[in-house]
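Structural overview for review
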Amino acid sequence: MAPGFLTRERIVAPPGWSRWLVPPAALSIHLAIGQAYAWSAFKAPLENGLDISGVASALPFTLAIIMLGLSSALFGTKVDANGPRWAMVMSSAFFVTGFMISGVGLHLGQYWMVVLGYGFVGGIGLGIGYISPVSTLIKWFPDRPGLATGLAIMGFGGGALIASPLTASLLSGYGASGDSPSVGGIGNTFLTMGLIYLVFMSVGWLLIRVPAEGWAPKGWTPEGAKKSGMISTGMVSARNAIKTPQFWLLWVVLCFNVTAGIGILERANPIFQDFFAETGTAETLAAAAVGFVAILSLANSLGRIAWSSLSDVLGRKNMYRIYLGVGALLYLLITLVPNQSRALFLIASVLILSFYGAGFATVPAYLRDLFGTYQVGAIHGRLLTAWSTAGVLGPLIVNAIADARIDAGVEGPARYTTAFSIMVVLLIIAFVCNELIKPVNSKFHEPEKAPAEATTPVTAEKGAQS
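Residues numbered from 1 in each chain as written. Predicted model: local features only at pLDDT ≥ 70, side-chain atom pairs only at ≥ 80, totals over all residues. Heavy atoms only, no water.

Moving on: the overall build of the protein chain. Broken down by element type, the protein chain carries 18 helices and 0 strands. A compact globule built from 466 residues would reach a C-alpha radius of gyration of about 23 Å, and the protein chain, at 22 Å, matches this within 12%. Buried residues in the protein chain amount to 55% of all 466 residues. The long-range share in the protein chain, meaning contacts at least 24 apart out of those at least 6 apart in sequence, stands at 85%. Accessible area for the protein chain stands at about 17,900 Å²; split by element, carbon and sulfur atoms hold 67% of it. Separation of charge centres in the protein chain, based on 28 positive and 22 negative side chains, amounts to 11 Å. (Helix = DSSP H or I, 4+ residues; strand = E, 2+ residues; numbered from the N terminus. Rg over C-alpha atoms; globule rule 2.2 N^0.38 Å. Buried < 20%, exposed > 50% of the residue type's maximum accessible area, 1.4 Å probe, protein only. Contact = heavy atoms within 4.5 Å. Areas by Shrake-Rupley, 256 points an atom, 1.4 Å probe, with all protein chains shown as cover. Lys, Arg positive; Asp, Glu negative; His and termini not counted. Charge placed at Lys NZ, Arg CZ, Asp CG, Glu CD.)

Take a look at the structure:
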């Protein structure tokens, strides 16, 4: 019987297949689900059109991020077992259905359907889609895992660069912008975007391929890849990985690195205006704050490819020393020298956000180094629960403290001194956890590698092209 369309066996690359076709397949998924970072484009229309609070308008996004972590942990093993095409199709189905439910709900005047659709259903699509290409990319690029995962995960960070203008254009075209937006127009925007992403994401699952058993890039061998004691040739299952101290140390590292980055990202616009309230008119300050947010989004995206690629040279542990150690110093800088130089503040913030994005892109390769390629997607999925935690923790720390300071009549950068000091402490804790990460004890290794993970390499001429 011929293998089914969604099975791993159906997408084994034939001889001559170029592995460089795989990153675009991954990008088509990540650029689509990266729309989540552009959710703020819907906030004002929803608040004005439905007369809801800012907290309520943020609920679909918050739930989507929570579901991203939970679904990636829940379905991670299935993603590895069934293959990337199955995962990408499932991601597309959930993500697009979430938009459709939201669009119908708005036409019916039922906001709870937006929360259910975009937040719960769409969030499941986010989680499955986020991890869908990771293990495949690592297998195609064992010589450059940081570059490969950085290329894909850069797409998630950069998805907002496409989604923001697209959303604004559709809302305007459907009469859903301004102070009195059409709720039906907002619904039409959701429906239209769902159809656009259906087509866009289909490119990914049609194009994706997995390497043939035993394939390796020309001239590369597993022995040659072991450049340091941190890179393991053993294989660890997802079940065993969560029993190791390395997994939980890395969980804390990712959680606190994300918490620190999202502390600025989530409240970037008001932070900028509070820091430099006395340097210009309200209009010029608001315009500058919008530009600040755009620059941070770009730093978030570019950091994912630039720093993660450098990790192939310097090593994953060394890169996290930079993300966490330098990040703590940068937070300390903008706390002690808050608004004396706009350029200094901008440079520090850009680097912090580049480290935030890079943490996401580097962690799959770090997991590969520690646990091998066997079920690395499932392990990555479980680790992403750290993101869900940070997605709640970061905004809670910054917003709660800032709101309390505002209520107390505090002005300017002093609104954030305590919150930023907490970020410094969290980054120091994460730095220590990263230092404690050692090679995984061999008792956690699989007794023998799964057949699909056989490491006897064949040359690139016998498999896909390098």
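Text resumes after the structure shown.
Moving on: the packing of helix α1 (residues 22-33) against helix α5 (residues 111-131). Interaxial distance between α1 and α5 falls to 9 Å at its minimum, and their mutual angle equals 150 degrees. Here α1 is positioned roughly antiparallel relative to α5, judged by the angle of their axes. As for how α1 packs across α5, the hand of that crossing is left-handed. In this structure, α1 contributes Ile29, His30 and Ile33 to the contact, and α5 contributes Gly125, Leu126, Gly129 and Tyr130. Residue composition of the contact of α1 with α5, by class: 4 nonpolar, 3 polar and no charged. (Axes fitted to C-alpha atoms, helices over the stretch in contact; angles between N-to-C directions. Parallel < 35°, antiparallel > 145°, perpendicular 65-115°, else oblique. Left-handed = near helix turned anticlockwise from the far one by under 90°. Nonpolar A, V, L, I, M, F, W, Y, C, P; charged D, E, K, R; others polar.)

The subject of this paragraph is the environment of Pro14. You can see Pro14 is positioned in the segment before α1. Between the C-alpha atoms of Pro14 and Ala238, which are 224 residues apart in sequence, the distance is 29 Å.

This part takes up the confidence of the model for the protein chain. Per-residue pLDDT for the protein chain has a mean of 85; in total, 92% of the residues score no lower than 70. Residue range residues 449-466 is modelled with pLDDT below 50. Its contacts to residues more than four positions away, or to other chains, number 48 contacts. (pLDDT = per-residue confidence, 0-100.)

A contiguous nonpolar surface patch, about 310 Å² in accessible area, is contributed by Trp112, Leu116 and Phe120. Tracing the backbone shows Leu116 in helix α5. (Patch = residues over 30% accessible without salt bridge, like charges linked within 9 Å, V, L, I, M, F, W, Y side chains within 5 Å. Salt bridge = Lys/Arg side-chain N within 4 Å of Asp/Glu carboxyl O.)

Once that is clear, we can look at the nonpolar core. Of all hydrophobic cores here, the largest spans 131 residues; its most connected members are Tyr331 and Trp387. With 14 residues, helix α15 (residues 342-371) is the largest single contributor of residues to this core. For Trp387, the contacting residues outside a window of four places in its chain are Tyr37, Ile65, Leu68, Tyr130, Phe156, Val258, Tyr356 and Phe360. (Core = buried A, V, L, I, M, F, W, Y, C linked by side-chain atoms within 4.5 Å.)

A word on helix α2 (residues 40-50). Among the residues of α2, those classed as buried are Phe42, Pro45 and Leu46. Viewed along the axis of α2, the buried residues span an arc of 100 degrees, placing them on a single side of the element. Contact partners of the buried residues in α2: α4 (84-107), α5, α7 (145-173) and α8 (183-207). Phi for Asp51, located one or two positions after α2, is positive at around 55 degrees. (Arc of directions from axis to C-beta.)

Checked against the element boundaries, Gly325 lands in helix α14 (residues 316-336). Those residues in contact with Gly325, other than ones at most four positions away along the chain, are Tyr320 and Phe431.

Per the stated rule, a full pass over the model turns up 9 salt bridges. Linking Arg144 and Asp143 is a salt bridge whose minimum nitrogen-to-oxygen distance equals 3.7 Å. A relative accessible area of 27% means that Asp143 is categorised as partly exposed. Note that Arg321 is salt-bridged to Glu435, the shortest N-O span being 2.6 Å. Of this pair, Arg321 sits in helix α14 while Glu435 is found in helix α18 (residues 417-436), placing the two residues 114 residues apart along the sequence.

A word on the packing of aromatic side chains. Taken as a whole, this structure holds 35 aromatic pairs when the rule is applied. Members of the aromatic cluster, joined through ring pairs, are Phe272, Phe275, Phe276, Phe292, Tyr331, Phe345, Tyr416 and Phe420. Sitting over the ring of Phe5, Arg85 keeps its end group 4.2 Å from the ring centre. (Phe/Tyr/Trp six-rings, centres within 6.5 Å; stacked < 30°, edge-to-face > 60°. Lys NZ or Arg CZ within 6 Å of the ring centre and 35° of its normal.)

Take unusual backbone geometry next. Phi is mostly negative for residues that are not glycine, and the peptide bonds are mostly trans. With phi around 55 degrees, Asp51 is a residue other than glycine that occupies positive phi space. On the secondary structure map, Asp51 appears in the loop between α2 and α3 (54-82). Taking relative accessible area as the criterion, Asp51 reaches 71% and is therefore assigned exposed. A positive phi angle, near 60 degrees, is found at Gln375, a position not held by glycine.

What follows covers helix α13 (residues 282-314). Taking 1.5 Å as the rise per residue, α13 with 33 residues should run 48 Å; its terminal C-alpha atoms sit 45 Å apart, in good agreement. At Gly303, α13 shows its largest kink, close to 35 degrees. With its phi angle positive at about 95 degrees, Gly315 sits one or two positions after the end of α13. (Expected span 1.5 Å × (residues − 1). Bend = angle between axes of the 7 residues up to and from the residue.)

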